[in-house]
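For reference, the chains in residue letters:
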Amino acid sequence: SLKLGRLYRYVKLAVLGSLAAALVLNTHSLLASLQRNELSERRFLQLNKCPACWGTSWCRKFLNGQLRLESWGRLRLLDFFNVKNVYFARYGEPREGSRRVVLKRLGSAQELADIDTKIGRRATGGGRCDLLQALPATEFASLNGDVRLLTPGAVEGWSDLVHCPSQRLLDRLVRRYAETKDSGSFLLRNLKDSERMQLLITLAFNPEPLVLQSFPSDEGWPFAKYLGACGRMVAVNYVGEELWSYFNAPWEKRVDLAWQLMEIAEQLTNNDFEFALYLLDVSFDNFAVGPRDGKVIIVDAENVLVADKRLIRQNKPENWDVWYESKFDDCDKEACLSFSKEILCARVTVDHNYYAICQNLLSRHATWRGTSGGLLHDPPAEIAKDGRLEALLDECANPKKRYGRFQAAKELREYLAQLSNNVR
């Protein structure tokens, strides 16, 4: 153990020494990176990749210097730790002043490189290619200006968003596409060639921007507000601190957040539009809380499956009207979920969102960053003694009765509303 202790100290000193040397050797470049605005550089934005990019609607703002990375975000040396390629920046308007925004590349450096490789393979069968020359040989280019509509048969299975698309959903995606000057039409042929290519590539590789555009926060959907894109950089509204930072907040605050989470699960499952939006990735860092209004917002919408309940009722697949209960997944890992995309696409009544929120965020089964007990851990003595909250959370996460989760979720929403005085 003494030898291992010495070895650990030597390795630690070596790592610290290497970092110090790197800082000294790169002092000039570090100072230069702090002074220049990389967000106004076409290469940093990967604008040269377009139309194999996310859009160009905010390029004027980027290139005019209206966005600047916050202090530490300017240090490229720290990109090693920024695996998800998420940046915080200040966006300034002459009349509105400066505000904080979140910038996303929508993938790690490797994932973005894989996009280029996949485009090359789809075009030529090989991995390496000239990206702009390869695009016309892909299926993205086959949906050209002669194609009137974006149809389910053309894009089904490209991503979670369109795992089982309806024509109604695809018309909505095209009509609300924000990376075109002439939005509002559901006709695919009304888009320019570059805009159509950007839409299809976004749909295939990371549809998060399309989720935010099609189900916007301005209409009450619980997603971050989409602002625009330039190259392979997307800008969304900054919401606030991640839900994780409220893990040890006062009990009253955590109860209110839990109630909001259950309301989100209900809204995404049952709404007047008859689109069921199922969250396939639920963890503490996929939600954020507004500092002023305390509102919970979904800030990572990459893995959202949309099922059209109208289409399901129309087509009547096998067991379409049988209530579906998600199976509890005790996997002893963080953010576990058990689901079948095919079943989510074929049933009208599904408890997936209640299950995901209860298991991964609220109940004693929720684990995150070495903690356990979920957001509602350590309730006050009188609530713990009553036992109702624990019973509802357990039934919502791992039901013992048939259709028990549906009833438990309903009662849990009502009980949390009473506890937080959020009576509807």
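Residues numbered from 1 in each chain as written. Predicted model: local features only at pLDDT ≥ 70, side-chain atom pairs only at ≥ 80, totals over all residues. Heavy atoms only, no water.

Caption draft 1: Here's a closer look at the overall build of the chain. Looking only at helices and strands, the chain has 18 helices and twelve strands in total. Over its C-alpha trace the chain gives a radius of gyration of 24 Å, about what one expects of a compact globule, namely 22 Å for 424 residues. Dimensions of the chain along its principal axes, counting C-alpha atoms only, are 70 × 60 × 50 Å. Here the chain holds 424 residues, and 49% of them are scored as buried. For the chain, long-range pairs separated by at least 24 residues make up 68% of all intrachain contacts whose partners lie at least 6 apart in sequence. Entry remark: accessible area of the chain is about 21200 Å², with carbon and sulfur atoms responsible for 51%. Averaging the locations of the 58 positively and 53 negatively charged side chains of the chain gives two centres separated by 5 Å. (Helix = DSSP H or I, 4+ residues; strand = E, 2+ residues; numbered from the N terminus. Rg over C-alpha atoms; globule rule 2.2 N^0.38 Å. Buried < 20%, exposed > 50% of the residue type's maximum accessible area, 1.4 Å probe, protein only. Contact = heavy atoms within 4.5 Å. Areas by Shrake-Rupley, 256 points an atom, 1.4 Å probe, with all protein chains shown as cover. Lys, Arg positive; Asp, Glu negative; His and termini not counted. Charge placed at Lys NZ, Arg CZ, Asp CG, Glu CD.)

Caption draft 2: Examining the state of the cysteines more closely. Applying the stated criterion across every chain yields a total of four disulfides. One disulfide bridge connects cysteine 50 with cysteine 53, the sulfur atoms lying 2.1 Å from each other. Taking the sign of the torsion about the S-S bond as the criterion, the disulfide between cysteine 50 and cysteine 53, at about 105°, is right-handed. Here cysteine 59 engages in a disulfide with cysteine 230; their sulfurs sit 2.2 Å apart. Classification of the bridge connecting cysteine 59 and cysteine 230 rests on its S-S torsion, roughly 100°, and on that basis the disulfide is right-handed. Highlighted residues: cysteine 59 in helix H4 (residues 59–63) and cysteine 230 in strand E4 (residues 226–230), separated in sequence by 171 residues. The burial state of cysteine 59 is the same as that of cysteine 230; both residues are buried. (Disulfide = S-S within 2.5 Å.)

Caption draft 3: Structural view of the UniProt feature "domain: FAM69 protein-kinase" (unreviewed entry) in the chain. UniProt's entry tags residues 201–399 with the feature "domain: FAM69 protein-kinase" (unreviewed entry), counted in the numbering of this structure. Helix makes up 35% of residues 201–399 and strand 16%, whereas the separation of the span's terminal C-alpha atoms amounts to 40 Å. (UniProt positions renumbered as here; feature names shortened; annotations may be inferred.)

Caption draft 4: Spatial organisation of the pairing of strand E2 (residues 86–93). Bridging between strand E1 (residues 67–69) and E2 involves three bridges; their strand directions are antiparallel. The partner of leucine 69 across the bridge, within E2, is alanine 89. If you look at the hairpin formed by E2 and strand E3 (residues 97–104), you'll find three residues sitting between the two strands. (Pairing = 2+ DSSP bridges.)

Caption draft 5: View of the sheet that holds strand E8 (residues 287–289). Read from one edge of the open sheet, three strands run E6-E8-E9, paired in antiparallel fashion. Edge strands, defined here as strands with exactly one partner in the open sheet, are strand E6 (241–242) and strand E9 (296–298). Strand direction decides the pairing type here: E6 and E8, joined by two bridges, are antiparallel. The residue of E8 that forms the bridge with glutamate 241 is valine 289. The sheet strands contacting helix H12 (residues 251–269) are E8 and E9, and the helix crosses E9 at an angle near 45°. (Axes fitted to C-alpha atoms, helices over the stretch in contact; angles between N-to-C directions.)

Caption draft 6: Region of interest: the environment of asparagine 64. With respect to the helices, strands and loops of the structure, asparagine 64 is situated in the loop between H4 and E1. Exposure remark for asparagine 64: the relative accessible area of 55% places this residue in the exposed category. Sequence separation of asparagine 64 and glutamate 41 is 23 residues, and the distance between their C-alpha atoms is 9.8 Å.

Caption draft 7: Here's a closer look at the domain arrangement of the chain. Under the domain assignment used here, the chain contains domain 1 (128–224) and domain 2 (241–423). Once you take the C-alpha centre of each, domain 1 and domain 2 turn out to be 29 Å apart. Residue-level contacts link 21 residues of domain 1 with 26 residues of domain 2. For the pair domain 1 and domain 2, the summed buried surface comes to about 2200 Å²; carbon and sulfur atoms form 61% of the total. Summed over the three residues of domain 1 that lose the most area to domain 2, namely Asp160, Arg168 and Pro222, the buried surface amounts to 31% of that side. At the surface where domain 1 touches domain 2, the tally comes to two salt bridges. (Domains from an automatic or database assignment. Buried area = accessible area lost by both parts, 1.4 Å probe. Salt bridge = Lys/Arg side-chain N within 4 Å of Asp/Glu carboxyl O.)

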